[in-house]
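Topology and contacts: notes
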Amino acid sequence: QVQLVESGGGLVQAGGSLRLSCVASGRTISRNAMGWFRQAPGMEREVVAAISWNSVAPYYADAVKGRFTISRDNAKNTVYLQMNSLKPEDTAVYYCAATNRPDPVVQTAYYSYWGQGTQVTVSS
């Protein structure tokens, strides 16, 4: 089993930055692709970014390309999401997730392990 704990969310003004962290415990995630998802009130959960086990060719949703960067440190069993130039429409609960696949996938159904989420609120 893998337990995931996100941190780093908060309230920020538009144009600001936040860095989310996701620490895994229970076993290593070094061979797992990882993803960041978000869910706004009344909306479906959507993929934000995903990264392969070896950090090659990360995936980004069109809405965050050029603003967000996903990275990982396998030695620390941690995945990060650097969010720059934040917009009010980025407001959501952000979730970290792990899939048993080595390459990034965008569908939530492929992810077996989820964190509890961290709130990101961007004010205009």
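None of these values were measured; they are calculated from a predicted model. (Residues numbered from 1 in each chain as written. Predicted model: local features only at pLDDT ≥ 70, side-chain atom pairs only at ≥ 80, totals over all residues. Heavy atoms only, no water.)

1. Some thoughts on the environment of R67
- Tracing the chain through its elements places R67 in the loop between β6 (59-60) and β7 (68-73).
- Given the relative accessible area of 10%, R67 is considered buried.
- Counting along the chain gives 22 residues from R67 to E89, while the straight-line C-alpha distance between them is 13 Å.
- Leave out the neighbours within four places in its chain, and R67 touches Q82, M83, N84, S85, L86, K87 and D90. (Helix = DSSP H or I, 4+ residues; strand = E, 2+ residues; numbered from the N terminus. Buried < 20%, exposed > 50% of the residue type's maximum accessible area, 1.4 Å probe, protein only. Contact = heavy atoms within 4.5 Å.)

2. Remarks on the pairing of strand β5 (residues 46-51)
- Counting buried residues in β5 gives five out of six residues, a clear majority hidden from the surface.
- Here strand β4 (residues 34-39) pairs with β5 via five bridges, running antiparallel. Pairing of G35 across the sheet is with A50, part of β5.
- Counting the residues in the hairpin turn of β4 and β5 gives six residues, including G42, whose phi is positive at 75 degrees.
- Both β5 and β6 contribute to a ladder of two bridges, which runs antiparallel. Of the residues in β6, the one forming a bridge with A49 is Y60. (Pairing = 2+ DSSP bridges.)

3. Some thoughts on the sheet that holds strand β8 (residues 78-83)
- The four strands lie next to each other as β1-β3-β8-β7, forming an open sheet whose pairing is antiparallel. Looking at which strands have only one partner, the edges of the open sheet turn out to be β1 (3-7) and β7. Between one strand axis and the next, the sheet turns by 15 degrees as a mean value, whatever way the strands run.
- In this structure, β1 lies alongside strand β3 (residues 18-25), joined through five bridges in antiparallel fashion. What sits directly across from S7, in β3, is S21. (Axes fitted to C-alpha atoms, helices over the stretch in contact; angles between N-to-C directions.)

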